[in-house]
Amino acid sequence: MLSLTNISIVIYVGLMENVASIMADISRLMRRAFDARARTIGVTRPQWQVLTVLKRNEGVNQGGLADLLDVEPITVCRMVDRLQDAGLVERRADAADRRSWRLHLTPKASALLDDLRPMGEGLIEEALEGIAPADRERFLALLLTVRQNLSRPATQGAIVHG
């Protein structure tokens, strides 16, 4: 026999799977749409991500950039190599560590980011079409709360499944 508690748990689990699936679908669709737009000016989404993170963290080293992008350092090294070859990023010696390089955007990269910004804004506008401004603000606030909740370190009492 199902109790009210069991029904509540089933509904809650179903809702969470649905929310996670929808969020994953939205993320996939946004990536696909942005890729198509960015390709028109000769940049990939991963390149755009590196350039955007570098713009916010000018002078970071490759290890720090890998942490910020949540990728392996070797992956960042390859990406930076390609961006450097394209004249978008330059490596500068780190005065405090001879083995380390600091990463900086070139003026060409800044111009490219200026071209990409309206593409991103247009995509967001397209995605939020039909949603009232007040609802957009509330939606953003809710998403920021979700991100903050998921960014917290795991609690000691968290259940670990093997």
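Rules behind the numbers
Residues numbered from 1 in each chain as written. Predicted model: local features only at pLDDT ≥ 70, side-chain atom pairs only at ≥ 80, totals over all residues. Heavy atoms only, no water. Pairing = 2+ DSSP bridges. Helix = DSSP H or I, 4+ residues; strand = E, 2+ residues; numbered from the N terminus. Phe/Tyr/Trp six-rings, centres within 6.5 Å; stacked < 30°, edge-to-face > 60°. Buried < 20%, exposed > 50% of the residue type's maximum accessible area, 1.4 Å probe, protein only. Axes fitted to C-alpha atoms, helices over the stretch in contact; angles between N-to-C directions. Parallel < 35°, antiparallel > 145°, perpendicular 65-115°, else oblique. Contact = heavy atoms within 4.5 Å. Nonpolar A, V, L, I, M, F, W, Y, C, P; charged D, E, K, R; others polar. Salt bridge = Lys/Arg side-chain N within 4 Å of Asp/Glu carboxyl O.

## Describing the pairing of strand β1 (residues 89-94)
So, point 1. Of the strand pairs in this sheet, β1 and strand β2 (residues 97-105) are connected by six bridges, and their pairing is antiparallel. Bridged to A93 within β2 is W101.
So, point 2. Here β1 folds back onto β2, and the loop between the two strands holds two residues.

## As for the packing of aromatic side chains
So, point 1. Tallying each qualifying case throughout the model produces one aromatic pair.
So, point 2. Here F34 and W48 contribute two aromatic rings whose centre-to-centre distance is 4.6 Å and whose plane-to-plane angle is 45°, an arrangement assigned as tilted. With F34 in helix α1 (residues 4-39) and W48 in helix α2 (residues 45-56), this residue pair connects regions lying 14 residues apart in the sequence.
So, point 3. Exposure remark for F34: the relative accessible area of 5% places this residue in the buried category.

## Here's the deal with the packing of helix α3 (residues 62-69) against helix α4 (residues 73-85)
So, point 1. Their axes nearest at 9 Å, the elements α3 and α4 cross at an angle of 110°. Classified by the angle their axes make, α3 and α4 are roughly perpendicular. Contacts from Q62, L65, A66 and L69 in α3 reach P73, V76, C77 and V80 in α4.
So, point 2. Of the residues contributing to the contact of α3 with α4, the split by class is seven nonpolar, one polar and no charged.

## Here's the deal with the pattern of salt bridges
So, point 1. Per the counting criterion, the structure on display carries nine salt bridges.
So, point 2. Of the charged contacts in the structure, one is a salt bridge between R28 and D25, with a shortest N-O distance of 3.6 Å. Taken together, the positions of R28 and D25, both in helix α1 and three residues apart, correspond to about one turn of that helix.
So, point 3. Since its relative accessible area comes to 38%, D25 is described here as partly exposed.
So, point 4. The shortest N-O distance in the salt bridge between R92 and E90 comes to 2.6 Å.
So, point 5. On the basis of relative accessibility, which here comes to 31%, the residue E90 falls in the partly exposed class.

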